[in-house]
Amino acid sequence: MKEVSLDYRYLKAFRVTARHLNFSKAAEELGIAQSAVSRQIKLLEDSVGEQLIVRSSKKVVLTEKGEALLAELDKFEENAQNIFFGHMNKT
């Protein structure tokens, strides 16, 4: 299995876009240009060798792999929040 180096910025751009299903809203939330969001997701897709988002002029749709990645990123975010702000670590 080939090891892939993933840039967290690309994962974040993907997660925000996937939540909104809209590049413009993702760009606004991230405070970057829409073209930058699109490019980061394209770079992520290139690095993993999979299409994650189907782009059309009317809407954004997640592929099956995109849906799976979003679910894992949501779990990661929740776990990170629990580690730093939850009740898991009281020392």
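Coordinates for the structure precede this section.
The residue numbers shown here count from 1 along each chain, following its written sequence. Note on the predicted model: pLDDT of at least 70 is required for a residue's local features to be given, and 80 or more for side-chain atom pairs to be given and counted; whole-chain, interface and lining totals, by contrast, use all residues. Side-chain calculation: all heavy atoms of the structure are included, whereas hydrogens and water are not.

Undergrad: Explain the pattern of salt bridges to me, using residue names and the numbers behind them.
TA: By convention in these notes, a salt bridge is any Lys or Arg side-chain nitrogen within 4 Å of a carboxyl oxygen on Asp or Glu. Tallying each qualifying case throughout the model produces 6 salt bridges. The shortest N-O distance in the salt bridge between Arg19 and Glu29 comes to 3.0 Å. One end of the pair, Arg19, is in helix α1 (residues 8-20); the other, Glu29, is in helix α2 (residues 23-30), and 10 residues separate them in sequence. The buried label applies to any residue whose accessible area, calculated with a 1.4 Å probe on protein chains only, is under 20% of its type's maximum; exposed applies above 50%, and partly exposed to all values in between. Relative accessible area serves as the criterion here: at 42%, Arg19 is assigned to the partly exposed category. One salt bridge connects Glu45 with Arg55, and the closest N-O pair in it is separated by 3.1 Å. With Glu45 in helix α3 (residues 34-48) and Arg55 in strand β1 (residues 53-55), this pair connects stretches of sequence that are 10 residues apart. Runs of H or I in DSSP of at least four residues are treated as helices and runs of E of at least two as strands, each being numbered from the N terminus.

Undergrad: Mind laying out the side chain of Arg15, listing which residues take part and the relevant values?
TA: Turning to its location among the elements, Arg15 is positioned in helix α1. Judged by relative accessible area, which is 19%, Arg15 ranks as buried. Residue contacts are counted whenever heavy atoms from the two residues lie within 4.5 Å of one another. Apart from the residues lying within four places of it in its own chain, the contact partners of Arg15 are Leu70, Leu73, Asp74 and Glu77.

Undergrad: So, a nonpolar patch on the surface: which residues are in play, and what are the values?
TA: A cluster of nonpolar residues, Ile83, Phe84 and Phe85, forms a patch on the protein surface that exposes about 390 Å² of accessible area. With respect to the helices and strands, Ile83 occurs in helix α4 (residues 64-85). Every patch collects residues that have over 30% relative accessible area and no salt bridge, joining them within 9 Å if they carry like charges and within 5 Å if they are nonpolar side chains (Val, Leu, Ile, Met, Phe, Trp, Tyr). Accessible surface is estimated by sampling points in the Shrake-Rupley manner with a 1.4 Å probe; for residues, cover comes only from the protein chains shown.

Undergrad: Talk me through unusual backbone geometry; I want residue IDs and the actual numbers.
TA: Although it is not a glycine, Leu21 adopts a positive phi angle of roughly 55°. Structurally, Leu21 is set in the loop between α1 and α2. Judged by relative accessible area, which is 41%, Leu21 ranks as partly exposed.

Undergrad: I'd like to hear about the nonpolar core, residue by residue, with values.
TA: Side chains of a nonpolar character, in soluble globular proteins, are inclined to be buried together. To qualify as a nonpolar core, a set must consist of buried Ala, Val, Leu, Ile, Met, Phe, Trp, Tyr and Cys residues joined through side-chain atoms within 4.5 Å. Counting residues in hydrophobic clusters, the biggest one holds 18 residues, and the most contacted among them are Phe14, Phe23, Val37, Ile41, Leu44, Ile53 and Leu62. Among the elements that line this core, the one with the most residues is α1, at 6 residues.

Undergrad: Got a sec to walk through α2? Specific residues and values, please.
TA: Residues of α2 that are buried include every one of Phe23, Ala26 and Ala27, and no others. Within α2, the buried residues cover an arc of 100° as seen down the axis, which keeps them to one side. On its buried face, α2 is in contact with α1, α3, β1 and β2 (60-62). Under this definition, polar contacts are N or O atom pairs within 3.5 Å; protein pairs additionally need one hydrogen-donor-capable and one acceptor-capable atom, and for neighbouring residues in sequence, both atoms have to be side-chain atoms. The opening residue of α2, the one whose side-chain oxygen lies 2.8 Å from the backbone nitrogen of Ser24, is Asn22. Here the arc refers to the set of directions running from the helix axis out to each C-beta atom.

Undergrad: How would you sum up the side chain of Glu45? Please name residues and give values.
TA: Given a relative accessible area of 6%, Glu45 falls into the buried group. Within polar-contact distance, the side chain of Glu45 engages the backbone nitrogen of Leu52 at 2.8 Å. Looking at Glu45, its side chain comes within polar contact range of the main-chain nitrogen of Ile53, at 3.0 Å. Sequence-distant contacts of Glu45, that is, excluding residues within four places in its chain, are made with Glu50, Gln51, Leu52, Ile53 and Arg55.

Read these as geometric descriptors, not functional statements.
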